Every structure is written in structure tokens, then in C-alpha cells.
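Coordinate inspection notes
In case you want the letters, here they are:
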Amino acid sequence: MIGNSAVKWDAVDKACGRFAYPSDLSMPNMLHVKVLRANRAHARILGLATAEAAAAEGVACVLTHRDIPGLNGFGLMADDQPVLCSERVRFAGDAVAIVAAQTEAQARFALGLVEVEYHDLPAVFDAVAALEPGAPQITEKGNLCHELEFGFGDVDAALARSAHRVRLTYSTGRQEHAYIEPEAGIAYLDTQGRIAIICGGQNPFADRRQIAAILGLPEARVWVSHPPMGGAFGGKEDLNVQAAIALVAQATGRPARMVYDRSESIEYSVKRHRFDVTVEAGAAKDGSLTGFRADMLADTGAYLTLGPAVMALAAEHASGPYRFTASHIRGRVAHTNNGNASAFRGFGNPQAILGIEQAMDELADRLALDPIEFRRRNLLRKGDRAGAGHVVSSDVTLDGLAGRALASNLRRPAEVSGSKRRATGVAFVWQGFGLGPGAEPGSSVRLVRDMDGGFTLDLSQPDLGEGNLTAFLQIAAGTLGCDMAAIRLSHGTTDNANAWSTNASRSLAVTGSAVKLAAERVRDRMAAGENGLIEEIAHFAPQFAGALTTGVPHVGYAYGVQLVRLCIDTTTGEVGVEEAETLLDPGIVINPDGVTGQIEGGFAQGLGFALSEDLHLVDGRVSNGRLSSYIIPTIRDVPLGMRTVLVSTPEPSNPLGVRGIAELGLTPVAPAVANALRQITGKRFASFPVRAEAILDALEERS
């Protein structure tokens, strides 16, 4: 089973339209829930009147901050975001009231009857401006909510003695997750008297902790289920519909359902952090790297969310998988009155890697060296000190990938054909997998040999659509020596064994390893002749050598090389990727089709990050909150000539020998595109995504 492509366990039901997603769920006597948003960036609440809304036809309840029995706050790192605001709103999406009614139309109508009196306050919408003296203060502690510094050695001296120095400054966009299924869920009282919530999410235990605190209940009185959903990409780690529907179910005793419409999802859910970045890198005459400096500022929006963790990972990866003699990396996270930013596939690395990978191309050009060979000779090796300051504990396997990249047929010279100009761009990538020291609790799974001779695999980790449950079945079946069909799944709830979260590319390396351990124990007991029911609970957690800060450094990294063949129409500025090749080391491969699917899907998101996707805000309000104005790549934008090449080297940090690769397809796309654009236009762009207008301007300047 392991190493062979397998059809996903739920593929047939999904293809036939039989599968019930969270947004498909309904129950008898169900209420429909809507949330009143502030729709202003920063204001004090002077008055709140709900009587007219409560008296409207079909309305079962109108809830405000006064109706929250427990903690009026939530968040993954700090409970700083109000469930319902009482005194002040910090961004347009802040919730002020909840309405539940017999129909969705009645709930929406009643929202308009809630009267809120505001006094607008000065607001700030730019992270740089937020840190200037005299800026409006969003929290009592100020707008700077996190700062870190990594590095080693004397970077000023290292850069001063460099034969060549490159300095780049750029900003990145606010990217929308654009999952196929928006945020959705249903809450009700179950037969055990618990508040039960079924919704799209990425960690039922993290959700339960926050929801129980809001409801003022012990965690045992709350049950959370995350069934397979229509995508998440990090955007469903934070609470979305959960608190609202749970509060309504608790207040009324009736089932409560809420589904964001697409505009609500785009306008008010979390996004990728906008970064402002300056990097500087140097090289000696012999082509060896000298010093590296990076200064990164992230806009996390009105509340903390996962801002500090995103910046920590960005800083860890900012210098790339390269060997410098000295480095200094500073990261800061600022509050603004924009919408929240939080986890998004890549978790800060896509923003950071743009700097080092463009700088590597620039240095190679000045040294008259091949850009791949230049990178190859400066790769980190086991025992080297990475730019963040930690010692690399295992071999960086990019050397073999670089050798294959040198032989790629995409490495053709730039060419001009009429109005079309073509060039190939390249980028290397490393991506830490798992949650890192102090953040990774490990995973527990339960495996039972049932009385009928079959098996049950029990674990809480959700399947977001990427196929992790299928891989777990492959691991268990391969270890037990049975067919996948002989194993039942019990998954995704707080009644299951706590396998923690589906995020950070941790599923196979951590939870998959626990599955392997449990299956080995059951297999050994069966081999010893034990009959009847056999149950094993296994736990796996990676072992960390130390920490620079919470979550950093990672216990292992996945590696890849991205090549893209870009075509620009010089009359329109339109950019197309005609061919792409991704070479990666995923460690031991469980499901080859699953790996390829992850890479191809990530590539499409990387194209959006590079060329089209950016949430446009006017005074903190989203102005392109529809998929007709927020442009994501489609299947037509992904090249038919796309190849994924797997070169497997076992990863030593886990018993499966796997590496997490879910983010590897996205992260290197933008720098590879940027390096191709540089060849065609002669320009390094200071703002991403790079739109056609900017490309036309650059072409005009060059001509």
C-alpha cells in the first residue's frame, strides 16, 4: 500500500454528489443565524438597541455581548478578539450582534433593524504608519504586538567585505484563501446534553477549548466535529461560525445553522499577512555568500491571531537554505484597523522567500555564474549554521534536486517571437514541517482489531480535502498486511483520540507516525497468536534539540526546486506560464498521486500570490469582495506542460521517513516568476502581485 497511489476514501461519494459537507447540513426546527458586522474600521459604541429586531417576524433571539455567559473573547494565541463587541470596534468585520430566525431571509432582514450608534475614531491602515509616533493606538499596549531578532556573527563586517551586494525592498499582498466551501456549521444539543458543533475547522480540540470558555461550560459539555470540508489552507484554524451558532443553540435549545456567503467570507475572514520586506545579501569574488540581512514587517490586522508564529517561521526561512558567514534577521508584527491576517498555506515563507531567491539570482548575474550552480555551491550542509542561527541537524537534500534542475529542458535561453517574450525563472525552497518546539504536542491515535476481524482507526485529525485520512489508511493497511477496505475510520471529533491539528504540513510526519506505531503493536500482538479484541493507543511527538523561540527551528525540512517558463505579451502585459517543473524531496512517498495533487494545487495558489491576488481595502473595507473582482487562477492558468518530479531521501526525524510537502508547491512559485520577469523586463518589482500594468510600464522603461 505504501508508495502506491490510492483513490481517496471519500472520492466516489464526492464525485457523485452524495457527500455531505458542513454547508449541506440541516436539522428539523433549525434556526438560521446571521451576524451584524461593524462595517467601520475603528469606532466607539455609544448605544445598541435590539428590541425592534427581536420583535420582527420569525426571529427567535437577538444576542449581544450581554448575552455571553462566559468569556467574551477568543483567539489561538490570545483571547483578544471579542465574540461580540461591547465598547469599541477595531475593524469592519467586528461582530456586534447575532440574529437567529426561522429563515435566512428573516434573519438577514432583522439585522437591519438592530440599531447601533457609533463615534468614529482615528484609524490606521498601514503597518509602517502604525508604528510611527502619533499613530492611532489600537491596543493599550500599542500597535507593535511582536518583535524578534535572529542571526549570528557580524553582518555589517561580512557585507562590508563583499565583492557584490544586493539590496531589495518589496511588499506582498493580502491573499484570500478562496476555498471552494465557505465557512459553515451547525450547532445543537446532543443526546448527552452537550452543545454539539459540526463545522469546517482544522482542530476540534482547539475549537472546543475556545467555545467552552465562551459558553461558560466545562470542556466535557462541548462536542466538536470537523468532517471533511471543501478546503481550508489555514483559513479555518481560527473560529468563524462556531461561537455564533453555539451561543444560539445554548440560548434557544434549538439547532442553529450558519453559512457565510462568498462576499462575507472574502470580506471578513482571515487572510495571508501583507509583508513589507527589505533584504540585503553579499557574495565574495569566489562566489561564496558572505552576509545576509532582512527586515520584515507584517500587518496582522486588528487582533493577534497567529501573527507572531507566522513571523517566526518567516524569519527562520528568510535566508533560504544557504550558508552565510553572518546574518541578522528582524521581524515585527503590527496591529492595524484592517481585517485579521492569520494562517495561510506557507505560513510566512512565501512572503520571505521572495527576497532571498531574487537576491540569489541578482548575485549570480553579477558573478556571471549559472543561477542554479551558484545556489548549489552555497547550500547548507549538516552541521552548518543557518541564517536564523540554529545548527542544521540533517543533510539538506537540494544538491541532487539541483543536479536534475540543471538538466531540465526548461533551461532554454530567453527568446523573442513577435510580441511574445519568453524566459525561464528558477527558485529553491525549504519549508519546515510540523509545529516546532513548544508548539508541537504530538499526535495520539487508537487502533482496534474488532471482534469481526476488521479494524477501526480512531483519530481526531480532520481531512480538509488533501487526503490525509487516505494516507493514514494506507499506512495502517500496509503495516497490518490487510486491504484498506478492512479498516473503518472514526475521525474528526473531540470524542476521538487527540491527534491535534491538520496544519503546518504535520499530518503524515506526526500523526502518520503514530498510526504506524499503533499498527505495528496490533500486528505484533496478532502475530503472537492473540485472539479477540485488540486495542492499541500510540503517541508520537518529534524530538527537538532546542529552540530559538516557540515553534523555531523545525525538526525537519522539505526541499524543492521550481522552474517556470514564462511568456509575456508585450502589447497587453498579459503573463502566462507555459511550462512548469517542480522537483522535490518528499522523503518516503505514501501516495504519489496525493503528492502530485498537492503540488499542482499549491502551484495555482502561488500563481495567484505572484500575479493577481490582493484584497483591496478602502478605509479598512474590502472593495473587491467577489470572485468576479478578486481574481484567482483557474485551470486555464495552470500550464498543461506541468511536471512534478519526486526524488525521495528518507527523513530521519520520524519513523515513516516522510516530509510534509503540502506547502512546498505554493512557496517557490512567486520568486521563480519574479526571476523570469526580471529577465524579460529588466526590472525587480517592488510590489506583489505583479499586475499587467506594472509589467507594461517596465517594458516601456526598458525600451
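Residues numbered from 1 in each chain as written. Predicted model: local features only at pLDDT ≥ 70, side-chain atom pairs only at ≥ 80, totals over all residues. Heavy atoms only, no water.

1. Things to note about the side chain of Gln474
The residue Gln474 is located in helix H13 (residues 468-480) in this model. Taking relative accessible area as the criterion, Gln474 reaches 0% and is therefore assigned buried. A distance of 2.8 Å separates a polar atom in the side chain of Gln474 from the backbone oxygen of Asn4. Not counting residues within four places of it along the chain, the set of residues in contact with Gln474 comprises Met1, Ile2, Asn4, Ala6, Met484, Ile590 and Asn591. (Helix = DSSP H or I, 4+ residues; strand = E, 2+ residues; numbered from the N terminus. Buried < 20%, exposed > 50% of the residue type's maximum accessible area, 1.4 Å probe, protein only. Polar contact = N/O pair within 3.5 Å; in protein donor to acceptor, adjacent residues only side chain to side chain. Contact = heavy atoms within 4.5 Å.)

2. Overview of the pairing of strand S2 (residues 43-49)
Each regular strand displays side chains that alternate between the two surfaces of the sheet. Strand direction decides the pairing type here: S2 and strand S4 (residues 88-89), joined by two bridges, are antiparallel. Counterpart to Ala43 in the pairing with S4 is Val89. (Pairing = 2+ DSSP bridges.)

3. Digging into the UniProt feature "domain: Aldehyde oxidase/xanthine dehydrogenase a/b hammerhead" (unreviewed entry) in the protein
Mapped onto this numbering, the UniProt entry gives "domain: Aldehyde oxidase/xanthine dehydrogenase a/b hammerhead" (unreviewed entry) at residues 16-122. Secondary structure across residues 16-122 divides into 11% helix and 32% strand, with the first and last C-alpha atoms of the span separated by 52 Å. (UniProt positions renumbered as here; feature names shortened; annotations may be inferred.)

4. Considerations on helix H16 (residues 669-681)
Taking 1.5 Å of rise per residue, the 13 residues of H16 would be expected to cover 18 Å, and the 18 Å separating its terminal C-alpha atoms lies within 8% of that figure. Of all 13 residues in H16, 11 are buried, a share of seventy percent or more. Here H16 has its buried residues at Val669, Ala670, Pro671, Ala672, Val673, Ala674, Asn675, Ala676, Leu677, Ile680 and Thr681. At the exit of H16 stands Gly682, carrying a positive phi of roughly 75°. (Expected span 1.5 Å × (residues − 1).)

5. A word on the nonpolar core
Phe292, Met296, Phe428, Val561 and Val673 are the most contacted members of the largest nonpolar core, which has 97 residues in total. Top element by residues in this core is helix H10 (residues 349-367). It accounts for nine residues. Ignoring sequence-local partners within four residues, the contact set of Phe428 consists of Tyr322, Ile353, Glu357, Ile372, Arg375, Arg376, Leu379, Leu398, Ala402, Gly560 and Val561. Within the second largest apolar cluster, 35 residues are counted, among which are Ile68, Val83, Leu84 and Leu239. (Core = buried A, V, L, I, M, F, W, Y, C linked by side-chain atoms within 4.5 Å.)

6. Re the state of the cysteines
Under the definition given, this model contains zero disulfides. No disulfide involves Cys61; its sulfur sits 18 Å from the nearest other cysteine sulfur, which is in Cys85. Overall, the relative accessible area of 11% leaves Cys61 in the buried class. (Disulfide = S-S within 2.5 Å.)

7. A word on a negative patch on the surface
A contiguous patch of negative charge, built from Glu693, Asp697, Glu700 and Glu701, is present on the exposed surface. Within the secondary structure layout, Glu700 lies in helix H17 (residues 692-702). (Patch = residues over 30% accessible without salt bridge, like charges linked within 9 Å, V, L, I, M, F, W, Y side chains within 5 Å. Areas by Shrake-Rupley, 256 points an atom, 1.4 Å probe, with all protein chains shown as cover. Salt bridge = Lys/Arg side-chain N within 4 Å of Asp/Glu carboxyl O. Lys, Arg positive; Asp, Glu negative; His and termini not counted. Charge placed at Lys NZ, Arg CZ, Asp CG, Glu CD.)

8. Notes on empty space enclosed by the protein
Overall, the coordinates contain five cavities of 30 Å³ or more when judged by the stated rule. A volume near 360 Å³ is recorded for the largest cavity. What lines the largest cavity is a set of 25 residues, among which Arg37, Phe74, Leu239, Asn240 and Tyr260 lie closest to the centre. A class-by-class count of the residues in the lining of the largest cavity yields 16 nonpolar, six polar and three charged. Its volume calculated, the second largest cavity comes out at about 120 Å³. Every residue lining the second largest cavity is counted, 20 residues in all, and those nearest its centre are Lys271, Asn338, Gly339, Asn340 and Leu615. Each of domain 1 (26-121 + 180-231 + 236-268) and domain 2 (148-176 + 270-436 + 549-701) accounts for three or more of the residues forming the lining of the second largest cavity. (1 Å grid on protein atoms, 1.4 Å probe; cavity = no way out; pocket = protein on both sides within 12 Å on 5 of 7 lines; lining within 4 Å. Points joined across faces, edges and corners; volume = space filled by probe spheres on them. Nonpolar A, V, L, I, M, F, W, Y, C, P; charged D, E, K, R; others polar. Domains from an automatic or database assignment.)

9. Regarding the environment of Trp9
Here Trp9 lies in the segment before helix H1 (11-15). Sequence separation between Trp9 and Lys271 is 262 residues, and the spatial gap between their C-alpha atoms is 30 Å.

10. Brief notes about the sheet that holds strand S5 (residues 95-101)
Taken together, the seven strands give an open sheet; going across it, the order is S3-S5-S1-S12-S9-S10-S11, and neighbouring strands pair in mixed fashion. Each edge of the open sheet carries a strand with a single partner, namely strand S3 (59-63) and strand S11 (222-225). Here the average twist between neighbouring strands, direction ignored, is 20°. Here four bridges tie S3 to S5, and the two strands are oriented antiparallel to one another. Paired with Val59 across the two strands is Ala101, which belongs to S5. The strands that helix H3 (residues 104-111) touches are strand S1 (31-37), S3 and S5; relative to S1, the one it contacts most, it runs at about 25°. Of the strands in this sheet, strand S10 (195-199) and S11 are in contact with helix H6 (residues 204-215), which crosses S11 at around 145°. (Axes fitted to C-alpha atoms, helices over the stretch in contact; angles between N-to-C directions.)

11. Thoughts on the pattern of salt bridges
All chains considered together, the criterion is met by 42 salt bridges. Salt-bridge contacts for Asp120 lead to Arg40; the nearest nitrogen and oxygen are separated by 3.1 Å. In this pair, Asp120 sits in strand S6 (residues 115-120) while Arg40 sits in the loop between S1 and S2, placing the two residues 80 residues apart along the sequence. On the basis of relative accessible area, Arg40 is assigned to the partly exposed category, the value being 24%. Across the pair Glu280 and Arg293 runs a salt bridge, and its minimum N-O distance is 3.1 Å. Residue Glu280 is located in strand S13 (residues 274-283), and its partner Arg293 is located in strand S14 (residues 289-301); the two are separated by 13 residues in the primary sequence. Through salt bridges with shared partners, one network takes in Glu147, Asp295, Arg330 and Arg332.

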